[in-house]
Amino acid sequence: MASAITTLAADAPTLSAANTGFMLICSALVMLMTPGLAFFYGGMVRVKSSLNMLMMSFISLGIVTILWVLYGFSLAFGTDSGSLIGWNSDYVGLSGIGITELWDGYTIPVYVFAVFQLMFAVITPALISGALADRVKFSAWVLFTALWVTVVYFPVAHWVWGAGGWLFELGVIDFAGGTAVHINAGAAALGVILVIGKRVGFKKDPMRPHSLPLVMLGAGLLWFGWFGFNAGSWLGNDDGVGAVMFVNTQVATAAAMLAWLGYEKLRHGSFTTLGAASGAVAGLVAITPSGGSCSPLGAIAIGAIAGLLCAVAVGLKYKFGYDDSLDVVGVHLVGGVVGSLLVGLFATGGVQSDAAGLFYGGGLEQLGKQAIGVFSVLAYSLVASALLAFLLDKTIGMRVTEDDEVVGIDQIEHAETAYDFSGAGGGAASRNTPAAPTHSAANKKVDA
């Protein structure tokens with residue numbers, strides 16, 4: 001008996017300073033993704049909405065953090081109940097956790113796992129906001145965020161990653177959030193925009209990005225932070241899987257960017273900076289669920305397929321008439337679906353698990369599991385999010401008035417403007433310069 005106890009003690013995980021430090025760094029990288037997303041979205045909207053777009057992402061850092069500590073971590077990763085939700089009273093307020101208590105089966109403290117997963121919870125509702133640009137009351141968005149993470153994100157995270165969650169037990173592979181984050185957010189975005197309707201002037205007025213440099217900065221920050229998002233999801237560095245995921249994240253993103261630009265050149269005749277940024281994000285989305293199960297060559301294929309299909313998908317909003325302002329549906333929903341399903345084709349069976357895809361002799365079994373995960377999360381998030389938006393719209397109202405939307409949501413909701421040019425006038429010489437001739441009314445139109 002004594003020897004058996006000694007053996008069990010020797011096999012028990014012990015706290016790893018290296019893995020703990022690595023995961024704290026990854027948590028900080030994932031946190032940086034939310035401000036990066038704010039810049040990415042903020043540059044894509046018209047100038048009169050840029051601050052609101054920044055705030056719709058940034059506020060998630062406040063709301064979701066508090067809810068995660070109070071009850072979100074318990075719901076997502078507590079003891080399973082019926083394969084649908086978790087609960088652990090020790091996790092409420094993070095008050096019953098020892099400072100060196102390890103996450104079950106790993107060498108990092110529970111606190112580190114909790115803060116890493118918190119950053120995933122923070123960015124997911126922020127992703128939704130890009131579909132709602134220009135037209136949602138900030139107070140309504142704050143309340144929607146709080147309700148959505150409670151009703152949708154926390155349960156879905158448990159389904160996918162929580163011990164006992166029904167998709168986890170089914171064997172659905174989602175390394176870092178293709179279903180729980182991207183399909184979840186993309187389906188939610190579609191559900192909400194179907195309820196709140198289109199922007200004033202959709203398909204009539206030009207609604208060009210006001211700052212492509214901000215878009216590129218945001219995309220760069222997202223790409224940088226995504227290494228923590230993806231490689232960190234293995235929760236350690238002991239067996240090389242995280243390193244494979246790191247490599248696959250880079251190569252899939254590169255392939256997707258090139259595929260998007262190639263499609264853009266053939267279809268529209270130009271290589272655009274917006275296309276490069278969007279293609280990179282599409283690749284990051286698609287490799288998120290799949291990169292821990294495929295080879296680097298498989299990652300190139302996944303990235304290229306996602307870049308091409310997402311580039312095609314962003315145009316569907318004009319065909320079907322839904323106003324997805326910043327292409328959340330076209331990039332995150334479509335990219336998440338593509339990346340999650342392609343696990344069933346490109347999983348080698350030799351990286352994160354022995355589950356093999358069709359191209360590696362595994363048949364259609366894993367593809368079937370992936371499809372169940374994809375469409376169950378998509379359906380639940382779409383319906384639940386639409387219902388939440390409908391209830392809020394019928395009570396407090398989701399949209400600003402048409403007049404306020406035309407004036408600009410920054411002025412109405414935040415009493416600020418992104419750029420203040422009041423001090424940019426000329427000197428004494430300019431005061432003696434004759435006034436410029438009056439332009440015609442047509443030339444006065446500015447795509448603000």
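Predicted model, so just to flag it, every value in this text is computed and none were measured.

Draft legend 1. Quick peek at the pattern of salt bridges. Using the criterion set out here, one finds seven salt bridges in the structure. We note a salt bridge from D323 to R135, for which the minimum N-O separation is 4.0 Å. Taken together, the residues D323 in the loop between α12 (316-320) and α13 (328-346) and R135 in the loop between α4 (110-129) and α5 (138-161) connect sequence positions 188 residues apart. No difference in accessibility class separates D323 from R135, as the two residues are buried. Put simply, D323 and R199 hold a salt bridge, and the shortest N to O gap is 2.8 Å. Of the two residues, D323 sits in the loop between α12 and α13 while R199 sits in the loop between α7 (178-196) and α8 (212-231), which places them 124 residues apart along the sequence. The burial state of D323 is the same as that of R199; both residues are buried. Taken together, the shared-partner salt bridges in this structure form one network comprising R46, D134, R135, R199 and D323.

Draft legend 2. Region of the structure containing the packing of aromatic side chains. Tallied over the full model, the rule gives 25 aromatic pairs. Note on F40 and Y41: the rings are 6.0 Å apart at their centroids and 35° apart in plane angle, and the pair reads as tilted. Note on Y41: relative accessible area 1%, which makes it buried. Between Y71 and F154 the ring centres are 6.0 Å apart and the planes differ by 85°, which places this aromatic pair in the edge-to-face class. Of this pair, Y71 sits in helix α3 (residues 50-77) while F154 sits in helix α5; the two residues are 83 residues apart in sequence, bridging distant segments of the chain. Given a relative accessible area of 23%, Y71 falls into the partly exposed group.

Draft legend 3. The packing of helix α10 (residues 273-290) against α13, seen in detail. Two elements in contact, α10 and α13, have axes whose closest approach is 7 Å; the angle formed by their N-to-C orientations is 35°. Where α10 crosses over α13, the two elements pack in a sense that is right-handed. Touching V281, A282, V285, A286, P289 and S290 of α10 are V331, H332, G335, G336, G339, S340 and V343, all from α13. Of the residues belonging to the contact of α10 with α13, the class tally is seven nonpolar, six polar and no charged.

Draft legend 4. Focus on a nonpolar patch on the surface. On the surface, I305, L308, L309 and V312 cluster together into a nonpolar patch covering about 290 Å² of accessible area. The class of L308 is partly exposed, set by a relative accessible area of 40%.

Draft legend 5. Layout of the side chain of T20. Locating T20 in the fold gives a position in helix α2 (residues 17-44). T20 has contacts with L15, T107, I108, P109 and V112, leaving out every residue within four places of it along the chain.

Reading guide: rules and limits
The residue numbering used here restarts from 1 in each chain and proceeds along that chain's sequence as written. Totals for whole chains, interfaces and linings use all residues, but because this is a predicted model, local features are given only for residues with pLDDT of at least 70 and pairs of side-chain atoms are given and counted only at 80 or more. Only hydrogens and water are removed before side-chain values are computed, so all heavy atoms of the structure are retained for them. When a carboxyl oxygen of Asp or Glu lies within 4 Å of a side-chain nitrogen of Lys or Arg, that pair is called a salt bridge. Under the DSSP-based scheme used, a helix requires at least four consecutive residues in state H or I and a strand at least two consecutive residues in state E, with every element numbered from the N terminus. Categorising residues by exposure relies on relative accessible area from a 1.4 Å probe, with only protein chains included: less than 20% of the type maximum marks a residue as buried, more than 50% marks it as exposed, and the intermediate range marks it as partly exposed. We call Phe, Tyr and Trp rings a pair once their centres come within 6.5 Å, taking the six-membered ring for Trp, and we label the pair stacked below 30 degrees between planes, edge-to-face above 60, and tilted otherwise. Every axis corresponds to a line fitted to the C-alpha atoms, with the helix fit spanning only the stretch in contact, and the corresponding angles, defined between N-to-C directions, vary from 0 to 180 degrees. By convention the crossing between two helices is left-handed if the near helix lies anticlockwise of the far one by an angle smaller than a right angle, and right-handed if it lies clockwise. Contacts are assigned to residue pairs that have any heavy atoms within 4.5 Å of one another. Throughout this entry, Asp, Glu, Lys and Arg are counted as charged residues, while Ala, Val, Leu, Ile, Met, Phe, Trp, Tyr, Cys and Pro are counted as nonpolar. The remaining residues, Gly among them, count as polar. Like charges are joined within 9 Å and nonpolar side chains (Val, Leu, Ile, Met, Phe, Trp, Tyr) within 5 Å, but only among residues with over 30% relative accessible area and no salt bridge; these make up the patches. Note on areas: Shrake-Rupley, 1.4 Å probe, and residue coverage restricted to the protein chains presented here.

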